[in-house]
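Structural overview
So you can see what is in the structure, the chains are spelled out below.
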Protein chains: 2
Amino acid sequence: MKLYTYFRSSAAFRVRIALNVKDLRYESLFVHLAKGEHRRPEYAKVNPQGLLPTLELDDGIRLNQSLAIIEYLEDKYPRPPLLPSDAVGKARVRGLAALVACEIHPLNNLRVLQHLKRSLGQSEEQVNAWYRHWIADGLAKLEAQLDPKAKFAYGDAPTMADCCLVPQIFNAKRYDCNLAPYPTTMRVFEQCMRLEAFDRAQPAKQPDAE
Amino acid sequence: MKLYTYFRSSAAFRVRIALNVKDLRYESLFVHLAKGEHRRPEYAKVNPQGLLPTLELDDGIRLNQSLAIIEYLEDKYPRPPLLPSDAVGKARVRGLAALVACEIHPLNNLRVLQHLKRSLGQSEEQVNAWYRHWIADGLAKLEAQLDPKAKFAYGDAPTMADCCLVPQIFNAKRYDCNLAPYPTTMRVFEQCMRLEAFDRAQPAKQPDAE
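The shown structure was predicted, so the numbers you read here are calculated from the model rather than taken from an experiment. (Residues numbered from 1 in each chain as written. Chains lettered and ligands numbered in written order. Predicted model: local features only at pLDDT ≥ 70, side-chain atom pairs only at ≥ 80, totals over all residues.)

A few words now on the overall build of chain A. Helix and strand counts for chain A stand at 9 helices and 4 strands. Ordered by position from the N terminus, the helices and strands of chain A form the series β-α-β-α-β-β-α-α-α-α-α-α-α. Relative to a compact globule of 210 residues, whose C-alpha radius of gyration would be 17 Å, chain A shows 17 Å and is just as compact. The dimensions of chain A, computed from C-alpha atoms along their principal axes, are 45 × 45 × 30 Å. Considering chain A as a whole, with its 210 residues, one finds that 48% of them fall into the buried category. (Helix = DSSP H or I, 4+ residues; strand = E, 2+ residues; numbered from the N terminus. Rg over C-alpha atoms; globule rule 2.2 N^0.38 Å. Buried ≥ 20, exposed ≤ 12 C-beta atoms within 10 Å, placed from the backbone.)

The structure is reproduced here in structure tokens:
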């Protein structure tokens, strides 16, 4: 398999974690988001959405959207699982993953921050305030939903929810967000980062890291 | 089952469609988003994320996040299916659903528009321009990914992708977005709206419609 990735893309980071948890080998193809390489016509042929990540299967089929890719990996390589076996557990994990992927991250990705700056004329300080506002809003929701007694985001093994939580915390740290109000979230984050699958997927350990 | 819903919530609209496609009966409990009823402490007990929709099962268990709820319905009530049977098809449908749910809708929901107005001091016209910008950006991505030969968003039967596409087009129409550049998307939309399951779920046909 080949993964179109960028070290700082948190959607690609989610998929890197999932691939590592399932011990799947992949080749990395680097697309430099900050240089706008995802907007090049060559990449539009790879991914019509023009977003990262894209997973290219060995038969050449290309899949996009991080959560859809992780669900695909779960379908094809069920061990170790990234979803619980029961329907309610699955819904809980997917609900936590969606909280990050649909409520927090979309407001803070690069193209939104660039739009705020370029089209709305917001200063760097205002853009950072926007970032922190949505991190605080979203992480408060996440913290409210996590079970303080669970080891990971759901239960005692990593799931798709942790694949989303960890990159989001990396982003929050990068923008110096105050993480003190989210002790359960941060305990889960630290727990995940003790695992080699998560650690190896982090931005600084990617070959394209700057 | 009980659905906490608001006629204009497009996330609730997605779930209403899925419930109707699967011919599942449910009781509606109305939470008035524009009046901020989702921020009341009573609702925080129902849904710690403070968002719509919430699905309450007959045993009292409550699920949140529209895509997680639809996946739950698919797990428990597989007929008629809202996902194809093959892993690649599933990934394609989930990728289209995520494009709407993670890339378009989050930028345009009520709390973001309110934040732009109240905290960033954007005028109503500027907020509308923001709305239309992200609709145009997102629908172009969707249009690029849809197969012009398919009847629905994926294949010849409605899927989870259509459950997301239709409410997004309702939103776009409400904000007078130009939809001419998206002929395949609009053909799929019209196709869906011919189905009673989609029609009956639309905002104007809800008991709490204003």
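It is worth spelling out the nonpolar core at this point. Residues Ala97 of chain A together with Ala97 of chain B are the most contacted members of the largest nonpolar core, which totals 128 residues. If we skip the residues at most four places from it in the chain, alanine 97 of chain B touches Leu67, Met160, Ala161 and Cys164 of chain B. (Core = buried A, V, L, I, M, F, W, Y, C linked by C-beta atoms within 7 Å. Contact = placed C-beta atoms within 7 Å.)

Counting from both sides, the interface comprises 31 residues of chain B and, opposite them, 31 residues of chain A. Listed by contribution, the elements that provide at least two residues to the side of chain B that touches chain A are strand S4 (62–64), helix H3 (66–76), helix H4 (87–104) and helix H6 (124–145) of chain B. It is H4 of chain B that provides the largest number of residues to the side of chain B that touches chain A, a total of 11 residues. Considered class by class, the residues forming the side of chain B that touches chain A number 18 nonpolar, 6 polar and 7 charged. (Nonpolar A, V, L, I, M, F, W, Y, C, P; charged D, E, K, R; others polar.)

On a regular strand, one side chain projects to one face of the sheet and the next to the other, so that they alternate. All names here are of chain B. In terms of strand pairing, strand S1 (residues 2–5) meets strand S2 (residues 27–30) through 4 bridges, oriented parallel. Looking across to S2, one finds that lysine 2 is bridged to glutamate 27. Crossover S1 to S2 through helix H1 (residues 10–21) is right-handed. (Pairing = 2+ DSSP bridges. Right-handed = clockwise from strand over helix to strand, strands pointing away.)

To continue, consider the relation of the copies chain B and chain A. Its rotation angle being 180°, the transformation that places chain B on chain A also includes 0.0 Å of axial translation and leaves an RMSD of 0.0 Å. On the angle and the small slide along the axis, the relation comes out as a two-fold axis. Proximity to the rotation axis, assessed at the C-alpha, singles out cysteine 102 of chain B in chain B; its C-alpha lies 2.2 Å from the axis. The residues that chain B uses at the interface reappear at the interface of chain A in 100% of cases, marking a shared surface. (Least-squares fit on C-alpha atoms with pLDDT ≥ 70 in both.)

Turning next to the domain arrangement of chain A. All names here are of chain A. Splitting chain A by domain gives domain 1 (2–80) and domain 2 (87–197). In this structure, domain 1 and domain 2 have C-alpha centres spaced 20 Å apart. Taken together, the elements giving at least two residues each to the side of domain 1 that touches domain 2 come down to helix H1 (10–21) and helix H3 (66–76). For the side of domain 1 that touches domain 2, the element with the highest residue contribution is H1, accounting for 7 residues. (Domains from an automatic or database assignment.)

Counting buried positions along H3 of chain A yields 8 of 11 residues, so the element is predominantly enclosed. The set of residues buried in H3 of chain A consists of Ser66, Leu67, Ala68, Ile69, Ile70, Glu71, Tyr72 and Leu73 of chain A. Contacts from the buried residues of H3 of chain A go to H1, strand S3 (54–56), strand S4 (62–64), helix H4 (87–104) and helix H7 (160–174) of chain A together with H4 of chain B.

Let's shift gears to helix H8 (residues 183–193) of chain A. Think of an α-helix as 3.6 residues a turn; residues three or four steps apart then line up on the same face. Residues and elements named next belong to chain A. Taken together, the buried positions of H8 are Thr185, Val188, Phe189 and Cys192. Down the axis of H8, the buried set is contained in an arc of 105°. They therefore lie on one face. Across H8 from its buried face, at more than 90 degrees, point the exposed residues Pro183 and Glu190. Buried positions along H8 lie against helix H6 (124–145), H7 and helix H9 (196–199). (Arc of directions from axis to C-beta.)

Turning our eyes to something else, we now look at the sheet that holds S4 of chain A. All names here are of chain A. Pairing within the open sheet is mixed, and its 4 strands lie in the order S2-S1-S3-S4. Bordering the open sheet on either side are strand S2 (27–30) and S4, each of which pairs with just one other strand. Taken over all neighbouring pairs, the strand axes of this sheet differ in orientation by 25° on average, direction set aside. Sheet topology places strand S1 (residues 2–5) next to S3; 3 bridges connect them, and they run antiparallel. Looking at S3, one finds that lysine 2 is bridged to glutamate 56. (Axes fitted to C-alpha atoms, helices over the stretch in contact; angles between N-to-C directions.)

Below, the discussion takes up unusual backbone geometry. All names here are of chain B. Residues leucine 52 and proline 53 are joined by a peptide bond in cis, for which omega reads -5°. Mapped onto the elements of the fold, proline 53 is located in the loop between helix H2 (41–46) and strand S3 (54–56). Here the amide bond leading from arginine 79 into proline 80 is cis, since omega sits at -15°, within 30 degrees of zero. As for its placement among the helices and strands, proline 80 is situated in the loop between H3 and H4.

To continue, consider the packing of H4 of chain A against H3 of chain B. In the contact formed by H4 of chain A and H3 of chain B, the axes pass within 8 Å of each other and the chain directions differ by 160°. On the basis of their axis angle, the class for H4 of chain A and H3 of chain B is roughly antiparallel. For the element pair H4 of chain A and H3 of chain B, the recorded crossing hand is right-handed. Listed contacts from H3 of chain B to Ala87, Lys90, Ala91, Arg94, Gly95 and Ala98 of chain A of H4 of chain A are Leu67, Ala68, Ile69, Glu71, Tyr72, Asp75 and Lys76 of chain B. (Parallel < 35°, antiparallel > 145°, perpendicular 65-115°, else oblique. Left-handed = near helix turned anticlockwise from the far one by under 90°.)

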